[in-house]
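Breakdown of the fold
If you want the building blocks of each chain, they are given just below.
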Amino acid sequence: MQTLLNQLVYFGYFQSIFLLFIYLFSPKNRKNINGYVAFLVVVLMIGLSGRVIYISEVFGKNFRFIAFSEFATLLFGSTIYLFTRSSLLKKRFSYQDLLHYIPGVFYIIFVIFMFMLPTDQEMRLRVKSGELFRTITIFIGIGLLFNITYWAMSLHLFFVFKKELRDELSYTVKTQFFLNFLIAIGICLLCWVIVYFISIFGFEMIERTARETIWLSIALIILFIAYYGMISPDLFKIIPPSIHKKYTQSKLSKKDLDALKAQLDTLMIEKKPYLNRKLLKAELAEMLGVSSPEIARLLNENVGMNFFEYINYYRIKEFVELAKSEKNQNLTFFGIAQEAGFNSKTTFNKSFKKLMGTSPKEYFTSLQN
């Protein structure tokens, strides 16, 4: 087991050097990778450097080199949150973001004074008295709570963001990769919590080995994300930046909304903007000559649907008409759905069943009977 862990340490170490080398000497890739991830890769490289020096015994079996890896302990959660926020909300770095790293700085100072500066004799006395174990237990608990809080904030931000997309986009976007990343981090943290409580009940050696494994797992996940951020940056470019444009609040009267509703109905019938598979709420608002909040208010108050539901309602109507046409008999249901403006088979099936109460196949089978 230890041999495998050592091999993973070497792999992670050289992978971090490779990524940083590309980041520093390839301007094209530097634009793709998120700055927060790049920062975390630097921190991981420092931590992994300590472990590489320790297991290679270049300077002997000095446990102080392992303490380098603890520098990253309180930097995981905050950086993952800032990475999530910047990726989803397109928020650029500001000096206020550094406030999230203050606990991590204090933790690093603690590690230096607790593990790296004391003499071997002092460390032996602390181990013998149990002081070292109690201190480690308390600070690992604080670090876990800190990282779990930031992870929960990241997950909440993701789900709120995904929900709000339905008010801006008429199509589904690929967010599964990002969600899988957060789930993987969550699983690592859950395992860390379990082994933490195992150590409290006296199984210190199990906790020590397991914590090393979990720490390394998180490090490899971050390196994996950094790698894919370079080779496939579109995985993190979830939505077009135009939807973040700010508008003033709607000031339309009820009479104005009724008139606008009539204009919208005419627009949808005559110009069929829903056939655009990537239609944005901002684009539809521009076609009507109103702001995004005004069309959102119109849909909520006069139609009773959000933008996603409203556009797909018209796409379902278009699909039904196209499916009845003889010239489309050779197309599959999804092929016809694409002609009606859908870009996702899953979205089409869900929207159809929600509106019609049955699947497309069952619906057209019932018409033939």
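All values reported here derive from a predicted model rather than from experimental measurement.

Rules of the game
- Residues numbered from 1 in each chain as written.
- Predicted model: local features only at pLDDT ≥ 70, side-chain atom pairs only at ≥ 80, totals over all residues.
- Heavy atoms only, no water.
- Salt bridge = Lys/Arg side-chain N within 4 Å of Asp/Glu carboxyl O.
- Helix = DSSP H or I, 4+ residues; strand = E, 2+ residues; numbered from the N terminus.
- Buried < 20%, exposed > 50% of the residue type's maximum accessible area, 1.4 Å probe, protein only.
- Core = buried A, V, L, I, M, F, W, Y, C linked by side-chain atoms within 4.5 Å.
- Contact = heavy atoms within 4.5 Å.
- Expected span 1.5 Å × (residues − 1).
- Patch = residues over 30% accessible without salt bridge, like charges linked within 9 Å, V, L, I, M, F, W, Y side chains within 5 Å.
- Areas by Shrake-Rupley, 256 points an atom, 1.4 Å probe, with all protein chains shown as cover.
- Axes fitted to C-alpha atoms, helices over the stretch in contact; angles between N-to-C directions.
- Parallel < 35°, antiparallel > 145°, perpendicular 65-115°, else oblique.
- Left-handed = near helix turned anticlockwise from the far one by under 90°.
- Nonpolar A, V, L, I, M, F, W, Y, C, P; charged D, E, K, R; others polar.
- 1 Å grid on protein atoms, 1.4 Å probe; cavity = no way out; pocket = protein on both sides within 12 Å on 5 of 7 lines; lining within 4 Å.
- Points joined across faces, edges and corners; volume = space filled by probe spheres on them.
- Polar contact = N/O pair within 3.5 Å; in protein donor to acceptor, adjacent residues only side chain to side chain.
- pLDDT = per-residue confidence, 0-100.
- UniProt positions renumbered as here; feature names shortened; annotations may be inferred.
- Disulfide = S-S within 2.5 Å.

It is worth spelling out the pattern of salt bridges at this point. Scanning the model with the defined rule gives seven salt bridges in all. The closest approach of N and O atoms between aspartate 258 and lysine 254, which form a salt bridge, is 3.1 Å. A residue pair is termed a helical-turn pair when its members lie 3 or 4 positions apart in one helix, as aspartate 258 and lysine 254 do in helix α10 (residues 254–270) at four residues. Residue aspartate 258 is classed as partly exposed on the basis of its relative accessible area of 38%. Using a relative accessible area of 52% as the deciding quantity, one classes lysine 254 as exposed. Between lysine 272 and glutamate 318 there is a salt bridge whose closest N-O contact spans 3.4 Å. Pair noted here: lysine 272 is in the loop between α10 and α11 (281–288) and glutamate 318 is in helix α13 (residues 307–324), with a separation of 46 residues, a long-range link.

Further remarks concern the nonpolar core. Grouped together as the largest cluster of nonpolar side chains are 61 residues, with contacts concentrated most on Phe115, Phe181, Trp192, Ile218 and Ile222. Secondary structure elements with two or more residues in this core: α1 (2–25), α3 (35–56), α4 (76–89), α5 (102–116), α7 (131–165), α8 (176–200) and α9 (204–231). Ignoring sequence-local partners within four residues, the contact set of phenylalanine 181 consists of Ile80, Phe83, Ile221, Ile222 and Ile225. In this structure, Leu264, Leu267, Tyr274 and Leu279 belong to the second largest nonpolar core, which totals 19 residues.

With 25 residues, α8 extends 36 Å between its outermost C-alpha atoms, agreeing within 8% with the 36 Å of an ideal straight helix rising 1.5 Å per residue. Regarding α8, the residues found buried are Phe178, Leu179, Phe181, Leu182, Ile185, Gly186, Cys188, Leu189, Trp192, Val195, Tyr196 and Ser199.

For the rest of this paragraph, the subject is a nonpolar patch on the surface. A contiguous nonpolar patch, built from Leu99, Ile102, Val105, Phe106, Ile109, Phe113 and Leu117 and spanning about 730 Å² of accessible area, is present on the exposed surface. Take phenylalanine 106: it is sitting in helix α5. Of the residues examined, phenylalanine 106 reaches a relative accessible area of 58% and is grouped as exposed.

Turning our eyes to something else, we now look at the packing of α5 against α7. Interhelical geometry of α5 versus α7 gives an angle of 165 degrees and a closest axis separation of 12 Å. Classified by the angle their axes make, α5 and α7 are roughly antiparallel. The two elements α5 and α7 cross, and the hand of that crossing is left-handed. Of α7, the residues touching α5 (which contributes Pro103, Tyr107, Phe110, Met114 and Phe115) are Glu131, Leu132, Thr135, Ile136, Phe139 and Phe146. By residue class, the composition of the contact of α5 with α7 is nine nonpolar, one polar and one charged.

Turning our eyes to something else, we now look at empty space enclosed by the protein. Under the counting rule described, the total for this entry stands at two cavities of 30 Å³ or more. When residues of the lining of the largest cavity are traced back to their parent elements, those giving at least two are α3, α4 and α9. Tallied by class, residues from the lining of the largest cavity come to eight nonpolar, one polar and no charged. Put simply, the second largest cavity is a space of about 40 Å³. Along its surface, the second largest cavity is lined by Phe76, Gly77, Ile80, Asn147, Trp151, Ile185, Leu189 and Ile218. Looking at the lining of the second largest cavity, the elements with two or more residues in it are α4, α7 and α8. Considering each element in turn, the lining of the second largest cavity owes the most residues, three residues, to α4.

Turning next to the side chain of threonine 84. Secondary-structure assignment places threonine 84 in helix α4. For threonine 84, a relative accessible area of 0% gives the class buried. Among all residues touching threonine 84, those that are not within four sequence positions of it are Ser154, Leu157, Phe178 and Leu182.

As for its position among the elements, serine 344 is in the loop between α14 (333–339) and α15 (345–356). Relative accessible area serves as the criterion here: at 15%, serine 344 is assigned to the buried category. A distance of 3.3 Å separates the side chain of serine 344 from the backbone nitrogen of threonine 346, its partner in a polar contact. Leave out the neighbours within four places in its chain, and serine 344 touches Thr172 and Phe334.

Within the protein, residue pLDDT values average 81, and 88% of them lie at 70 or more. Throughout residues 244–248 the model reports pLDDT below 50, and contacts reaching past four residues in sequence, or to other chains, amount to 10 contacts.

Turning our attention to the UniProt feature "transmembrane region" (unreviewed entry) in the protein. Taken from the UniProt record, the annotation "transmembrane region" (unreviewed entry) applies to residues 7–27, 33–53, 65–83, 98–117, 138–161, 181–201 and 213–231. Secondary structure across residues 98–117 comprises 75% helix and 0% strand; the distance between its end C-alpha atoms is 27 Å.

Attention now moves to the state of the cysteines. The full count for this structure, using the stated rule, is zero disulfides. In this structure cysteine 191 is a free cysteine whose sulfur lies 6.6 Å from that of cysteine 188, the closest cysteine sulfur available.

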